[in-house]
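Read off the chains here:
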Amino acid sequence: MSDEGSRAGAVADANEEAVRAWDTVLYERWKSNRAVFVGALDEVTEDVFQLFPPPVGGRCIDVGCGFGETTQRLAGLVGPDGFALGTDSSPRFIEDARSEADEAGVANIAFEVADAQTAAWGGGFDYAFSRMGTQFFAAPVPAMRAIRAALKPGGRLAKLCWRRKDDSPLWAETEQVVQEFLSRPEEYDADTCGPGPFSLGNPETTRGILEASGFEDIELHPRDFDYFMGADMDEAIDSLLAIGPGAELVRLNGEAGERKRPEIVEALRDHYAKWEQADGSIVGRGAIWIVGAVNPASA
């Protein structure tokens with residue numbers, strides 16, 4: 001494995017709370033429910049690579065790479081003459097990503113801890129990718145400008161982000177069920193994940209951020225898809241109460257939220273019985289944007 005990349009810059013002050021959340025409780029919850037959270041997005045991730053393929057032999061940067069599954073995929077797509085750099089603001093995710101790439105024997109790959117709002121990657125990349133990693137920036141325009149600055153003139157951005165929450169019934173309906181038992185407290189001790197997963201759901205917002213960041217040839221392709229929630233109801237409920245708007249509502253309520261958890265679990269079990277498949281798995285519906293843009297050739 002290449003030793004290129006270790007840590008780029010510091011965490012922006014406005015992102016410190018979100019980074020703490022992703023490096024502690026959300027890291028643990030994501031890891032415990034990884035099979036669901038990653039597997040559910042495999043198909044739409046491949047759709048991105050079909051629509052906007054990275055160049056063979058090219059250099060790629062993967063922003064918000066998590067455990068590095070997509071970074072390893074990029075390394076395979078560009079081939080042995082190419083290179084993929086995975087970045088994430090959470091040191092624990094990066095530690096695991098490095099370990100897993102080492103175990104897989106991937107040579108043309110590296111990882112670094114980086115906050116896009118403060119990172120300076122230079123302009124040597126042909127392709128920038130992100131799977132749900134650009135939704136949590138406190139200041140999205142500076143972050144997207146840094147990503148554009150990482151690209152060569154004419155370089156391609158391709159990413160996935162959630163559409164509006166109400167477009168994805170599994171997130172919207174879970175929150176509605178939890179709201180029958182809990183409301184968002186005015187004060188809480190738990191760290192939140194910043195602007196949240198649906199901050200780019202409005203297409204005008206996403207397009208405006210990219211335009212303000214200097215990108216051109218911006219494309220937004222809506223995609224509705226079957227979202228695998230779990231192999232059975234227990235796994236589905238575990239994942240729904242791990243990460244997402246309903247899960248955060250429980251977490252922010254602290255001990256009061258935990259006292260309500262058994263009732264919430266039963267309510268979710270009843271609510272999602274209609275989504276149970278013949279094999280016992282639970283399949284919902286999700287809605288994402290596949291986003292493409294280009295760093296101007298004159299940049």
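Everything discussed here concerns the structure shown above.
Every value quoted in this text rests on a predicted model; they were computed, and no experiment measured them.

Peer 1: Hey, could you go over the overall build of the chain for me, with residue numbers and the actual values?
Peer 2: Scanning the chain from terminus to terminus reveals twelve helices and eight strands. Long-range contacts, defined as pairs at least 24 residues apart, comprise 84% of the intrachain contacts of the chain with a sequence gap of at least 6. Summed over its atoms, the accessible surface of the chain is roughly 12,500 Å², and 47% of this surface lies on carbon and sulfur atoms.

Peer 1: Which residues make up the pattern of salt bridges, and what are the values?
Peer 2: The final tally for this structure, using the stated rule, is 20 salt bridges. The salt bridge involving Arg34 is made with Glu100; its shortest N-O contact spans 2.7 Å. Placement of the pair is Arg34 in helix 3 (residues 34–39) and Glu100 in helix 6 (residues 91–104), with a sequence separation of 66 residues. Since its relative accessible area comes to 23%, Glu100 is described here as partly exposed. In this structure, the salt-bridge partner of Glu43 is Arg223, at a minimum N-O distance of 3.2 Å. Separated by 180 residues along the polypeptide, Glu43 in helix 4 (residues 42–51) and Arg223 in strand 7 (residues 216–230) bring together distant segments of the chain. On the accessibility criterion, Glu43 (54% relative accessible area) is exposed. What you see here is one network of salt bridges that share partners, running through Arg34, Glu69, Glu100 and Arg131.

About the thresholds
- Residues numbered from 1 in each chain as written.
- Predicted model: local features only at pLDDT ≥ 70, side-chain atom pairs only at ≥ 80, totals over all residues.
- Heavy atoms only, no water.
- Helix = DSSP H or I, 4+ residues; strand = E, 2+ residues; numbered from the N terminus.
- Contact = heavy atoms within 4.5 Å.
- Areas by Shrake-Rupley, 256 points an atom, 1.4 Å probe, with all protein chains shown as cover.
- Salt bridge = Lys/Arg side-chain N within 4 Å of Asp/Glu carboxyl O.
- Buried < 20%, exposed > 50% of the residue type's maximum accessible area, 1.4 Å probe, protein only.

The values reported here are purely geometric and, on their own, carry no functional implication.
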